[in-house]
Amino acid sequence: MTDSSDSQGPAQSPAQSLAGSPILQVRGLAKTYAGGFQALKPTDLEIRAGEIFALLGPNGAGKTTLIGLICGLIRPTAGTVSVGGFDHVRAYRQARALIGLAPQELATDAFESVWATVRFSRALFGKPRDDAYLRRLLEDLALWDKKDSPIMALSGGMKRRVMIAKALAHEPRLLFLDEPSAGVDVELRREMWGLVRRLRDAGVTIVLTTHYIEEAEDLADRVGVIAKGALILADDKEALMRRMGRREISLHLTTPLAALPHGLGDLPLERVDDGARLVYAFDARGEAASVSVLIRRLSAEGIEVRDLETRESSLEDIFVGLVGGPR
Amino acid sequence: MNPLGALAIYRFEMSRWFRTLTQSLLAPVISTTLYFVVFGSAIGSRMSAVDGVAYAAFIVPGLTMLSILTESVGNASFGIHMPKWSGTLYELLSAPVSWWEAVFGYVGAAATKSVLLGAVILLTARLFVAYPLAHPAIMLGFMVLTAVTFSLFGFVIGVWAEGWERLQIVPSLILTPLTFLGGSFYSIAMLPHPWREVSLFNPVVYLISAYRWSFFDRADVSVPVSLLATCGFMALSLVAIWRIFATGYKLKP
Ligand SMILES: Nc1ncnc2c1ncn2[C@@H]1O[C@H](COP(=O)(O)OP(=O)(O)OP(=O)(O)O)[C@@H](O)[C@H]1O
Ligand SMILES: [Mg+2]
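Model, not experiment: these values are computed from the prediction.

Criteria and thresholds
- By convention here, each chain's residues receive numbers from 1 onward along its written sequence.
- Chain letters start at A and ligand numbers start at 1, both assigned in the order the entries are written.
- Local features in a predicted model are, by the rule used here, given only for residues with pLDDT of at least 70; side-chain atom pairs are given and counted only at 80 or more, and totals for whole chains, interfaces and linings are based on all residues.
- To get the side-chain values, all heavy atoms of the structure are used, and hydrogens and water are removed first.
- When at least one non-hydrogen atom of a residue lies within 4 Å of a molecule or strand, that residue is treated as near it.
- Nitrogen and oxygen atoms within 3.5 Å of one another constitute a polar contact, given that in protein one can donate a hydrogen and the other can accept it, and given that sequence-neighbouring residues count only through two side-chain atoms.
- Methods summary: accessible areas were calculated by the Shrake-Rupley approach with a probe of 1.4 Å, and residue burial reflects only the protein chains presented.
- In this description a helix means any DSSP run of H or I spanning at least four residues, a strand means any run of E spanning at least two, and both kinds are numbered starting from the N terminus.
- Gly counts as polar in this scheme, as do all residues outside two lists: the nonpolar Ala, Val, Leu, Ile, Met, Phe, Trp, Tyr, Cys and Pro, and the charged Asp, Glu, Lys and Arg.
- The quantity called pLDDT is the predictor's confidence in a given residue, expressed from 0 to 100.
- For each domain, the first and last residues come from an automatic or database assignment.
- A helix is expected to reach a length of 1.5 Å times the quantity of its residues less one.
- Note on bend: the value at a residue is the angle between axes fitted to the seven residues ending there and to the seven starting there.
- For every residue, the accessible area obtained with a 1.4 Å probe (protein chains only) is divided by the maximum for its type, and the residue is called buried under 20%, exposed over 50%, and partly exposed between those limits.
- In what follows, residue pairs with any heavy atoms lying within 4.5 Å of each other are defined as contacts.
- The criterion is simple. A nonpolar core is a set of buried Ala, Val, Leu, Ile, Met, Phe, Trp, Tyr and Cys residues joined through side-chain atoms within 4.5 Å.
- For any pair of parts, buried area is found by adding up, for both, the accessible area (1.4 Å probe) each one loses once the two are put together.
- Salt bridges are defined by distance alone: a side-chain nitrogen of Lys or Arg within 4 Å of a carboxyl oxygen of Asp or Glu.
- Note: metal donors comprise N, O and S atoms at 2.8 Å or less from the metal (3.2 Å for Na, K and Ca); water molecules are not included, so apparent gaps in a site are possible.

Caption draft 1: Structural view of the site of ligand 1. Every one of the 15 residues lining ligand 1 counts as a neighbour, but A:Asn59, A:Gly60, A:Lys63, A:Thr64 and A:Thr65 are closest to it. Nearby residues place ligand 1 at the junction of chains A and B. A:Thr64 is positioned such that a nitrogen or oxygen atom in its side chain is 2.6 Å from an oxygen atom of ligand 1. Notes on ligand 1: free accessible area 630 Å², of which the protein chains cover 66%. The element contributing the most residues to the shell around ligand 1 is helix α2 (residues 63-71) of chain A, with three residues. Residues that form the shell around ligand 1 fall into these classes: six nonpolar, seven polar and two charged.

In C-alpha cells:
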C-alpha cells in the first residue's frame, strides 16, 4: 500500500500543481545600478499560475527595475529567477519563451507596419507563423483596421496597444504589462481590462504595474506594493482589504456637538466638522458594535442622529497608508 | 536553437534596406561613376599603367573594397545602434535568441547588403573599363569574408557608441584614412622609401592588395598573410561580440 501511494504521489503532483502553483519564482533578486544606487533590495516573490498580479508603488519605487530584471533587460546584482521551473539564465530559451513583455517606454519601429511588427515579434520568439492568431489579437486590441499603417502614423494609445500586441504575439504564458493603461483613453482602458481578464481566463498569468489604483482593485487577484526598492507586501487583494481596509460609519448629527461626552469614551469615535459629524472607524477585522447599539448609546447621551453613511476604504487608502501617498 | 528568430532579425534588417533600395544602390553607383570620371578618365588617361594594368582597371578592386569596408561597418553599426537608441532593443534582449543568432541576423544582413553593393559597383565599373578577373571564386570569397569581418566590427562599434556622433568617429577617424592610404588608388610600390614601409602597418593595404590579386594575379603583399590577418580580425570581433552579450556591456544596465 505504501508502495502504491508513493508511486501515485509524483504522478499526481504535476497536474495538481498547475493551478495556483508558482509560474514565476524570484529569490533574493536585487539591483544596484552602476552609480551605486540600490534600486531593488533583495526581493522574494512568487507569482501563481493563472493570476493577475498588480504591482503598485510610487514613481521610482523599482517596479520597472524588477520587471527588467526578470525579463533579462537588466543585469541582476544578486538573486535568481525561475519561470515555469526554468532558470532565466541557465535555461534562458525556455524561460523567455514563456514571457511576454510590454515595457513602460513606448519603443517601436516607426517605419514598420503594425502587421509586420507583430509578425516579427512572433518569429523572434521562434513561433511559426499564425496569421489567424495574429488577426484575432489585433482585433482584440482594436488595431485590425490599422494593420497596414506604419507605426509612426498611430496615436500614443494605439502605439501602447501595438506594444501589447507584440508582447502577446508569441502566445506567452506569463505577461508583463508595465503601465499598460498609461495614455490609453477611458473606454479603451475598459476594453483592455476586458482583454486582460480574458487572457487570464485563457490561462495566461499577468503581472501589471499601474498608477491607477482602481485598476488594480478592479482587476487584480493579488497586489504587491513596492516602495523605495523594497517589496513591502504581496497579498491577496481581498485579504489585504480585509486586513488593512477600514470601515467607517459617519453619523450626521441634528445639533453639533461641542465635545464628546465622557460616557462614550470607550468607543472609537471622532468629532469632525466642528461637531456636526461623528465618525466611527474600525478596521475590517475588528469587532464592530452593531449600528443599532451605537445609535442607542448615542441617544442615551441625548445625541440625535439625523443621517448616517458607511464607507469601506479602497485599495487607494491602503496604498496611501503604506507608502505615504502616491506621487 | 531558434532559427526562426535569427531569420526574423535578418529579414527585418533586409526589409529596412529594401525600403530605401533606390537610395541604397543609387548612391554607390553615382559615387563609383564619379570616381571613374575623375580618376579613371580625367587623371587615368595621363597615367601610365600600374604593374602592367591600365590605371582605370587598377582602381576597380580598391574602389570596391573601399565601399565594402565602409558600408559593412556603417550598416552593421547602424543596425544595432538604432534599436539601442530607440529602445526597441528590449525585445531582442527579452527574446529566446542566443548571441550568435542575433549576430547571424544583424551581421548577416549587413554583410549581404555590402556584398550586393560590391557587386553593383563591379558591374558599374564594367561599363567604364573591361578589367580582367583572374580568380572569380576567390574574388567573391574575399568580398564575403571582408564584408562579414567588417560587419562584425561594425556591430561592436554600434554597441559601443553612445549617440550618433560616436557612431561616426571610428569610421571617419580611423577607417577612412586607412582605406585611402591603403592603396585603393595606387600600388604601394609607387610610394617613396619611408612611406612604403609605414604602409605595411596598415591592415587595409593587405586587404586591398590581396583582393587586387584575385583580379590581376599580382599582389604587393602575401595573399595568405592577408587572408590570415583578416580571419584573425574576424575572430577578434567575434570574441568581442560574445563578451558583449555575455556581460551585457552597453546593452543592459
Ligand atoms: N539605468 C539606470 N541607472 C541608474 N539608476 C536607474 C536606472 N534605471 C532606473 N534607475 C533608478 O532606479 C529607481 C527605480 O526606477 P524604476 O524605473 O524601477 O521605477 P518605477 O517603480 O518603475 O517608477 P515609475 O512608476 O516612475 O515607472 C529610480 O530611482 C531610478 O532613478
Ligand atoms: Mg516604471
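Next comes the rest of the description.
Caption draft 2: Representation of the confidence of the model for chain B in the model. Residue and element names in this part refer to chain B. Across chain B, pLDDT averages 89, with 100% of residues at or above 70. Helix α2 (residues 21-43) is the least confidently modelled element of chain B, averaging 81 in pLDDT, while helix α4 (residues 89-94) averages 95, the highest of any element. The complex model carries a pTM of 0.84, and its ipTM stands at 0.89.

Caption draft 3: Structural context of the domain arrangement of chain A. As far as domains go, chain A holds domain 1 (4-241) and domain 2 (246-323). Between the C-alpha centres of domain 1 of chain A and domain 2 of chain A there is a distance of 42 Å.

Caption draft 4: Structural view of helix α7 (residues 164-180) of chain B. Residues and elements named next belong to chain B. Helix length check: α7, at 17 residues, gives a terminal C-alpha distance of 23 Å against a target of 24 Å (1.5 Å per residue), a fit within 8%. Along its length, α7 reaches its greatest deviation from straightness, about 25°, at serine 172. Taken together, the buried positions of α7 are Leu167, Val170, Pro171, Leu175 and Thr179. The inward-facing, buried residues of α7 abut α3 (55-86), α6 (136-160) and α9 (203-216).

Caption draft 5: The arrangement of the nonpolar core in detail. Core analysis: the largest hydrophobic core is formed by 54 residues, its most contacted members being A:Leu24, A:Ile70 and A:Phe176. Ranked by residue count, the leading element in this core is α2(A), at five residues. Excluding its chain neighbours within four sequence positions, the residues that come into contact with A:Phe176 are A:Leu24, A:Ile67, A:Ile70, A:Cys71, A:Ile99, A:Gly100, A:Leu101, A:Ala102 and A:Val207. Residues B:Leu69, B:Tyr186, B:Val204 and B:Ile208 belong to the second largest nonpolar core, which totals 45 residues.

Caption draft 6: Layout of the interface of chain A and chain B. Across the boundary between the two partners, chain A contributes 28 residues, which contact 27 residues of chain B. A combined buried area of about 2500 Å² lies between chain A and chain B, and 58% of that area is made up of carbon and sulfur atoms. On the chain A side of the contact with chain B, A:Arg75, A:Arg93 and A:Leu124 bury the most area, a combined 27% of that side's loss. Taken together, the connections running from chain A to chain B amount to three salt bridges. A salt bridge links B:Arg19 to A:Glu112; the nearest nitrogen and oxygen atoms lie 3.0 Å apart.

Caption draft 7: Quick look at the coordination of the magnesium ion (ligand 2). Residues and elements named next belong to chain A. Looking at the magnesium ion (ligand 2), one finds its protein donor set to be Thr64 (OG1) and Gln104 (OE1), positioned 1.9 to 2.1 Å from the metal centre. Here glutamine 104 lies in the loop between β6 (99-102) and α4 (114-124) and threonine 64 lies in helix α2, a separation of 40 residues in the sequence. By relative accessible area, which is 35% here, threonine 64 ends up partly exposed. When its relative accessible area of 28% is taken as the criterion, glutamine 104 is described as partly exposed.

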